[in-house]
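Structural overview for review
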Amino acid sequence: MSKKIMLSGVQPSGDLHIGNYLGAIRNWARYQEEYASFFFIAYYHAITEIKDPQLMREATCHVAADVLACGVDPEKCTFFVQSHARTSLELCWVLSCVTSMGDLERMTQYKDKARQLNIPVNAGLFLYPVLQAADILAFKTHVVPVGDDQCQHLELAREIVRRFNTAYGETFPEPQQLLSEVPRLLGLDGDSKMSKSKGNTISLIDDPESIKAKLKPAKTDVHRQRRSDPGDPSQCNVYTIHQGFSDPATCAQVDRDCRAAAIGCIDCKMMLADKLAATLAPIRERSRELRRHPDQLREILRQGSARATLTAETTMNEVRDKLGLFHP
Ligand code: TRP
Ligand code: SF4
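All of the points below concern the structure found in this document. (Residues numbered from 1 in each chain as written. Chains lettered and ligands numbered in written order. Predicted model: local features only at pLDDT ≥ 70, side-chain atom pairs only at ≥ 80, totals over all residues. Heavy atoms only, no water.)

**Points about the side chain of R284**
Our working definition: A run of H or I in DSSP becomes a helix once it reaches four residues, and a run of E becomes a strand once it reaches two; helices and strands are each numbered from the N terminus. Whether a residue is buried, partly exposed or exposed follows from its accessible area with a 1.4 Å probe, protein chains only, as a fraction of its type maximum: under 20%, in between, or over 50%, in that order.
With respect to the element layout, R284 can be found in helix α12 (residues 265-291). In this structure R284 comes out as buried when scored by relative accessible area, which is 10%.

Set out below in structure tokens:
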């Protein structure tokens, strides 16, 4: 039996951080051989917000280096840049013709961004989920490992599949989301989602000193005002990070000691800092090494893009047949 297909993408919006890692990238590396896997840098999604070409060029290389450093292996999966495998752009147009405005208007990510940016939203931001669906459908993807902030976009992708299949006949499988076992990380400020643009992250290439410095002031359970106040780990983002990186025995110990006020938050954070530093050290080293050779990174992405295009074009020809279009 042939393998099921896995696909996921990440935006090139700066260095990857531990939220990206736990929410998605760690699973990319884990499952890359169990599935026929396609992973890519979502360049066209990023330009809905980032308007700085220099940043774009840099971030594309940095994110590629980070992804490879996390163990994603271009020999075992297909790793590419969305803008090189252009088929999904064409499919995006086709899919937009079976997507209802009402469904797009309900997308919370777009509504949040519209509010945050405080400027009229560009049409790309509105169509963002359709392009995401096109990325997924171009490879007839079964499984999509992404963070829980992408649930609604995955639901929409399934709706688009149903609409297309109803209109033109069975073509695409309904893609399922593969959620990570760790709940969503908040930023270190404890308020919002961990995101590069808010400066509340620990990045994968942070060194031990900056990990410590960043964790020290991080928000914990608000009920632990004094060292003697018992805490509730389920209300603490630092604990959530422990769950992602520390072993189960350590987590159980932290849980007990926190509830009994047997450890202070600083002890708890420094334990986590050591664990993080140890886990991230090899990733940081590999990423720094890879970043020194941008030409090699680009070559890896080019080869991946060529492979990705072959698969996506096979799908696209089937779509053209269904729509009554000639092949180019
Ligand atoms: N929207 C995704 C994110 O920000 C990135 C993305 C684009 C993606 N296309 C995709 C993820 C297709 C999975 C599948 O995380
Ligand atoms: Fe969070 Fe650890 Fe402090 Fe408990 S002891 S509130 S888990 S940082």
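**Things to note about empty space enclosed by the protein**
Rules: Both cavities and pockets are sets of points on a 1 Å grid over the protein atoms alone; in a cavity a 1.4 Å probe fits but cannot get out, in a pocket the set is open with protein on both sides within 12 Å along at least five of seven lines, and lining residues sit with an atom within 4 Å of a point. Grid points are joined across faces, edges and corners, and a volume is the space filled by probe spheres set on the points. Here the nonpolar group is Ala, Val, Leu, Ile, Met, Phe, Trp, Tyr, Cys and Pro; Asp, Glu, Lys and Arg are the charged ones; every other residue, Gly included, is treated as polar.
Scanning the entire structure with this criterion turns up 3 cavities of 30 Å³ or more. Of the pockets and cavities examined, the largest cavity occupies roughly 110 Å³. Along its surface, the largest cavity is lined by 14 residues, and T220, C236, C258, C265 and C268 are the ones closest to its centre. At the level of elements, α10 (237-245), α11 (248-259) and α12 are the ones that each hand at least two residues to the lining of the largest cavity. Looking at which element gives the most residues to the lining of the largest cavity, the answer is α12, with 3 residues. Looking at the lining of the largest cavity, its residues break down into 9 nonpolar, 2 polar and 3 charged. Volume-wise, the second largest cavity comes out at about 50 Å³.

**Overview of the site of ligand 2**
Test applied: By convention in this text, a residue qualifies as near a molecule or strand provided that one of its non-hydrogen atoms is within 4 Å of it. A molecule is said to be in a cavity or pocket once over half of its atoms fall within 2 Å of that pocket's grid points.
In the vicinity of ligand 2, the contacting residues are T220, D221, R224, C236, V238, Y239, C258, C265 and C268. One can see that ligand 2 is located within the largest cavity. The residue makeup of the shell around ligand 2, split by class, is 6 nonpolar, 1 polar and 2 charged.

**Regarding the layout of surface pockets**
Volume-wise, the second largest pocket comes out at about 300 Å³. As for the second largest pocket, its lining consists of 15 residues, and the residues nearest its centre are M56, R57, T60, C61 and R298. Elements supplying a minimum of two residues to the lining of the second largest pocket: α3 (53-69) and α13 (294-323). If one sorts the elements of the lining of the second largest pocket by residue count, α3 sits on top with 7 residues. Looking at the lining of the second largest pocket residue by residue, the class counts come to 7 nonpolar, 4 polar and 4 charged.

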